[in-house]
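Single-letter residue listing:
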Amino acid sequence: MTAPLEMRRVRKTYGEGPAAVHALAGADLTVAAGEMVAVMGPSGSGKSTLLAIAGSLEEPTEGEVLIEGTGLAGLSRDERARLRRRHIGYVFQDFNLLPGLTAVENITMPLELDGMRHRRARGAGLAALEELGLADRADSFPDELSGGQRQRVALARALVGDRRLLLADEPTGALDSRTGEDVMRLIRTACHGGAAAVLVTHDAQLASWADRVVFVRDGEIVDATSPLAGPESLLAGGTPGDSGEAR
Ligand SMILES: Nc1ncnc2c1ncn2[C@@H]1O[C@H](COP(=O)(O)OP(=O)(O)OP(=O)(O)O)[C@@H](O)[C@H]1O
Ligand SMILES: [Mg+2]
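K.L.:
Give a detailed account of the overall build of the chain, specifying residues and quantitative values.
P.N.:
Looking only at helices and strands, one finds 8 helices and 10 strands in the chain. Relative to its full complement of 247 residues, the chain shows a buried share of 48%. Across the chain, the fraction of contacts at a sequence separation of at least 24, relative to all contacts at a separation of at least 6, is 70%. Only carbon and sulfur atoms are counted for the fraction: they give 48% of the accessible area of the chain, which is about 11,700 Å².

Set out below in structure tokens:
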């Protein structure tokens, strides 16, 4: 069976010459349908870059990315955009809500861009907000919402529709621990429905919701473990400077 996400020997270099930053230095990651993978690692190690390339928001400098077996490099810009809208849900580290659209409009925009009728899209958007306990804020604009509420709107936008791959960059960053657990439960449920999920988190407790934890250091995926082995053991394994990032 083809995997929702396959990354092979992916490298990403920003800039050139002596100023070049090797954000990814040959990362391999395959995520199966129904699988939830947590990505941990120190600040600047390449986690967001890994997710942006998996979601075809950025192109790798070298290496291959396949979504459901289709190589992104072989697609036109439009084909990539369509695949992204239809099959990939993305929660950005800074939420990335459009300020001129209400909560529910932010959620339904990708569906409507993809041709879904307004009423049906709105119904799906309201249902997603309901699930996240935000039904009463559907018509609020992002600047009328708290950080945690914005984060849940961003998550609803990523979950709505028929997503095969959910990519979430610290989806629980601004949330208290109980709401954080709720978010993990929702992602888990999406995986039970057959979607694959990759989420970045600094929180070992939340990472333990995943089937598998991978650890990024200096642009490489250096270790993989099941949560039973305990992501704490990886962190305790020595990541200089990481303690300062704990949230
Ligand atoms: N657009 C860019 N231009 C230049 N360098 C970049 C760019 N984006 C990221 N980088 C660099 O690439 C490296 C990896 O960044 P990335 O954002 O992937 O780290 P991260 O693991 O997500 O960190 P954090 O935990 O702080 O979010 C860093 O050194 C960063 O400064
Ligand atoms: Mg990041």
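K.L.:
Could you give an account of the sheet that holds strand E5 (residues 70–71), with specific residues and numbers?
P.N.:
Whether parallel or antiparallel, the strands of a sheet pair through hydrogen bonds between backbone atoms. Pairing is antiparallel across the open sheet formed by 4 strands, whose spatial order is E2-E1-E4-E5. A strand with exactly one partner marks an edge of an open sheet, and here the two such strands are strand E2 (21–31) and E5. Summarising the sheet, strand E1 (residues 5–14) and strand E4 (residues 62–67) pair through 5 bridges and their orientation is antiparallel. Among the inter-strand pairings, glutamate 6 is bridged to a residue of E4, identified as leucine 66. Lying on the sheet, helix H1 (residues 47–54) is in contact with E1, E2 and E4; it crosses E1 at an angle near 120°.

K.L.:
So what about the site of ligand 1? Which residues, and what values?
P.N.:
Around ligand 1 sit 13 residues in total, of which Ser43, Gly44, Lys47, Ser48 and Thr49 are the nearest. Between lysine 47 and ligand 1, the recorded distance is 2.8 Å, taken from a side-chain N or O atom to an oxygen atom. Contacts to ligand 1 include threonine 49, whose side-chain N or O atom sits 2.6 Å from an oxygen atom. In isolation ligand 1 has 630 Å² of accessible area, and contact with the protein removes 62% of it. Elements that contribute at least two residues to the shell around ligand 1 include exactly E2 and H1. It is H1 that contributes the most residues to the shell around ligand 1, 3 residues altogether. Of the residues belonging to the shell around ligand 1, the class tally is 4 nonpolar, 8 polar and 1 charged.

K.L.:
Can you break down the environment of arginine 82 residue by residue, with the values?
P.N.:
When you line up the elements, arginine 82 lands in helix H2 (residues 77–87). Here arginine 82 falls in the partly exposed class, since its relative accessible area comes to 41%. The spatial distance from the C-alpha of arginine 82 to the C-alpha of proline 110 is 9.7 Å, given a sequence separation of 28 residues.

The rules we used
- Residues numbered from 1 in each chain as written.
- Chains lettered and ligands numbered in written order.
- Predicted model: local features only at pLDDT ≥ 70, side-chain atom pairs only at ≥ 80, totals over all residues.
- Heavy atoms only, no water.
- Helix = DSSP H or I, 4+ residues; strand = E, 2+ residues; numbered from the N terminus.
- Buried < 20%, exposed > 50% of the residue type's maximum accessible area, 1.4 Å probe, protein only.
- Contact = heavy atoms within 4.5 Å.
- Areas by Shrake-Rupley, 256 points an atom, 1.4 Å probe, with all protein chains shown as cover.
- Pairing = 2+ DSSP bridges.
- Axes fitted to C-alpha atoms, helices over the stretch in contact; angles between N-to-C directions.
- Near = heavy atom within 4 Å.
- Polar contact = N/O pair within 3.5 Å; in protein donor to acceptor, adjacent residues only side chain to side chain.
- Nonpolar A, V, L, I, M, F, W, Y, C, P; charged D, E, K, R; others polar.

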